[in-house]
Each structure stands twice: as structure tokens, then as C-alpha cells.
Amino acid sequence: MRGGPPVAENLKGPLAGLRVVEMAGIGPAPFAAMLLADMGADVVRIDRQVASGLGVPRPDRFNFAGRGRRSVALDLKRPEGIDCALQLIDKADALVEGFRPGVMERLGLGPEVCHARNPRLVFGRLTGWGQQGPLAQAAGHDLNYIALTGALDAIGRRGQPPTPPLNLLGDFAGGSLLMAFGIVSALLHAQRTGEGQVVDAAIVDGVSLLATPLMGLQAAGVWPGGRGENILDSGAPQYDVYRCADDEYVSIAPIEGKFQTVLLSAIGFDPAGFPDMNERANWDEARRRLAERFSQKTRAEWCALLEGTDACFAPVLSSAEAPSHPHHAERGTFITVDGLVQPAPAPRFSGTPAATPTPPEAPGESGEAVLRDWGIVDQRIAELTKTGVLGRRNENAA
């Protein structure tokens, strides 16, 4: 990889030495860049000098997906700003952008231009609909993308409309993770051949791919019902959540018979006399009995009885409760950055562990330092600063 040693001392992990340019955006593209930064890549975000008006506004320190990288705010409406961006791209191993198809080309930063200057560049493009197709130029968000794939239709309770889930499935699993995997795959190819390429990561492709095992179950006839009528979608009583005496919830998931035996015995049922939960005809009665039993104790009481057993059990925790659970605490699943609790980098590596991420930066906060570290001479930096091409975001700008 071409970047050389990372500039910042805290950049360590399996991607240390990798240089990435991120074109500032919203949602899945920033999260993909965060994943690369978490693993040690020196990711530089090119921010706008005026806010885009997209996404959910919040103070910079609460934009957790912006952690671990430095920001340069450039005026890309001016030729000098485009030229500066290209100088950074010249030195990058990869680029991540999440604009509609054609935007980068109109800026003068499209793949053809970039590859002419930097043939090894991996040019990552993350969108909802993909780079081509009838919907490629249409606006959309996570819910629209998962709706088109068939995934949304499968989410919800029996007899109820499809339930919009959190945007974890589309934006981040089907989009960001696919983008990060695609970039690393293309980088391995570039290492072997010296050839860069474009990675077209579409959320509709990623969510469809995630549904591969489900489509196999449907093809085999193992998933014959509609929404909320199957083994993993709240249809089966042995794979569901139950209300406790204190109005908190617990989850159970003993799909296999041997685990069902553990659960039923632990909560006071005779497994031999309990309705066979492998038979759909028994699901309603089994659910009624389980619901009645779980309503008799508090969540804490059920945890004391069932956690750590083979009952396939876990309490349903809030995001505020989760970090203090003993399992997460021992593993360090959550960390504190700038006084704020958030998930730790993952996965974990035995030989190249990731560092604790740095806090999110304000747009343009490290502009001069980044340009200097990436080889742009001081005189040029001074010119860009004096003319306003390089600066910090003016949040009061129109």
C-alpha cells in the first residue's frame, strides 16, 4: 500500500499505512469510512464549507460515525479547491463517496480523471440504488431500499403491516459493510496487480445479498408462511420476546429441541408434557403458556435463573443499559471517547489491535495539518487559506 507510515501516533491496526480520502456525505458512506479509520487507515474527510442541509443535524462531538479521522474543508466550486482535492487523491490508496451517480464527474473528480492521475486508486461509490438502473438518479433512504428488496415485507408481526426497522439493515449492513468489504477486496487486487478500479456498492444489492439464507429457506419450503408466521420472524413461540412482571422484556431463541428442553425445565415446565414447538399447530398454545410464565417474574429474576445457560436467553436491554452489562464490560464492547460512550472498533485482531478512535472533528479542523502531512507545500497552503479555498465551515453561512 502506498501511503507509508501513518502520521498520527494513534493510527494502528490492520490497515495502518493506508490512506483514504472520504468525500463528506451522510449515513452509510461516513460509516464505511469510520470502519476503515477504526482499523487504522489514515482517512481524511473532504468537507463542504457550507452545510448540505441533509441528514440529522447534531453537534459534531455527537456524530460518532465521524470519529477517527481528520477534516479538510475545501470550496469545491472553485478550480483551486478541485485541484487541492485531486492532490490528496493522488496520494490516496482509496476514495469513498456517497453522491448520486454523476456528481463526482460534474465536479471534475470522477473515476476517469482520478485513475488517469492515480492508476492504483480504489474508487468506492456507495449509493442506495447503484450506479445504473431506472432508479439510479432518484432520491431515497434506507426504508425505500429495503422495501424494494423484499426484506421489509418480511419484518413485522402476523396480521400487521410491515414494520420499519432501524436503518441498521439497509444503510449500515447492506451499505457500509458492503462498501468496506469491497474496498479492502479491491485493495488486495491493487496490491497484486497495480490496478485500481471502481467499487459500486448499492444498498439494494447488499440487502438482497444478506437475504441469501432466507431465500434458501423459502425455496426449501421451510419458510412457508407470510409475515410473522415463520421460525425466525416472531411466528414461532420459541423465537420471540416476552413481557416480564416489571414490564421489561426477555428474549428466548431455543430453536433446537435440546435447548428447548433446557429452557422449559428451567422455567418450571415438564418438557415431555409441553406442546411440541416444532409443530406449527401448537404455536399459539405454547406462546400462551410461555407468556403467562414469563409474566410471573421480573426481568432481573429471569436473568438470575437463565443467563449463562443453554436456554438461548438474553434480557432485552436498552442502548443505555447495554454498555454496563457484565459481558460487554469484560470484553470492552463499548468504549468512552471524549466522555461519550460508544461501540468499540470491531472485529478484534490478535496481532494488530485497533487504537481507541479520536473524537469527531469539526469540518475543516485539521485542514492545514492534513495538507502538510500529505505533501502539499506551505506556500500553497498559505495561498489556499488566504483565498478562502481552504478553511473551516461557517455554520452561519447561507
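As a reminder, the structure under discussion sits directly above these lines.
Just so you know, these numbers come straight off a predicted model, no measurement behind them.

Peer 1: Looking at this structure, I do not really get the sheet that holds strand β1 (residues 19-23). What am I missing?
Peer 2: Strands pair in a sheet through their backbones, by hydrogen bonds, and they do so in one of two ways: parallel or antiparallel. What the seven strands build is an open sheet, ordered β6-β5-β4-β1-β2-β3-β12; its pairing is mixed. The open sheet has two free edges, formed respectively by β6 (197-202) and β12 (390-391), since each of these has just one partner strand. Here four bridges tie strand β2 (residues 42-47) to strand β3 (residues 70-74), and the two strands are oriented parallel to one another. Across the sheet, the residue bridging to R45 is S71, located in β3. Where helix α2 (residues 79-90) meets the sheet, its contacts fall on β1, β2, β3 and β4 (94-97), and the angle it forms with β3 comes to roughly 150°. Across the face of the sheet, helix α7 (residues 203-210) comes into contact with β5 (122-127) and β6 while running at roughly 65° to β6.

Peer 1: Would you mind showing me how to read the pattern of salt bridges here?
Peer 2: Using the criterion set out here, one finds 20 salt bridges in the structure. Where D338 meets R61, a salt bridge forms, and the shortest distance between an N and an O atom there is 3.4 Å. Of this pair, D338 sits in the loop between β10 (334-337) and β11 (340-343) while R61 sits in the loop between β2 and β3; the two residues are 277 residues apart in sequence, bridging distant segments of the chain. Since its relative accessible area comes to 42%, D338 is described here as partly exposed. Residue classification places R61 among the partly exposed positions, given a relative accessible area of 34%. Counted as one network, the salt bridges with shared partners bring together D42, R70 and D373.

Peer 1: Help me understand helix α10 (residues 283-294), please; the structure alone is not making it clear to me.
Peer 2: Given 3.6 residues per turn, any residue in an α-helix points the same way as the ones three and four places further on. With 12 residues, α10 should reach 16 Å at 1.5 Å per residue; the first-to-last C-alpha distance of 16 Å fits that figure. Where the residues of α10 are buried, they touch β7 (240-243), β8 (249-252), α9 (257-266) and α11 (299-306).

Peer 1: I tried to follow the packing of aromatic side chains on my own but got confused; where do I start?
Peer 2: Aromatic rings in a pair are described by how distant their centres are and how their planes are angled relative to each other. Summed over the entire model, instances satisfying the criterion amount to five aromatic pairs. Centre to centre, the rings of Y242 and F294 are 5.4 Å apart; their planes meet at 25°, and the pair counts as stacked. Residue Y242 is found in strand β7, and its partner F294 is found in helix α10; the two are separated by 52 residues along the sequence. Comparing Y242 with F294 shows no difference in burial state: the two are buried. Three or more aromatic residues joined by ring pairs form one cluster here, namely Y242, F294 and W302. Above the plane of the ring of F62 lies R61, whose end atom (NZ or CZ) is 5.1 Å from the centre. Between the NZ or CZ atom of K297 and the centre of the ring of W302, over which it lies, the distance is 5.8 Å.

Rules used in this analysis
Residues numbered from 1 in each chain as written. Predicted model: local features only at pLDDT ≥ 70, side-chain atom pairs only at ≥ 80, totals over all residues. Heavy atoms only, no water. Pairing = 2+ DSSP bridges. Helix = DSSP H or I, 4+ residues; strand = E, 2+ residues; numbered from the N terminus. Contact = heavy atoms within 4.5 Å. Axes fitted to C-alpha atoms, helices over the stretch in contact; angles between N-to-C directions. Salt bridge = Lys/Arg side-chain N within 4 Å of Asp/Glu carboxyl O. Buried < 20%, exposed > 50% of the residue type's maximum accessible area, 1.4 Å probe, protein only. Expected span 1.5 Å × (residues − 1). Phe/Tyr/Trp six-rings, centres within 6.5 Å; stacked < 30°, edge-to-face > 60°. Lys NZ or Arg CZ within 6 Å of the ring centre and 35° of its normal.

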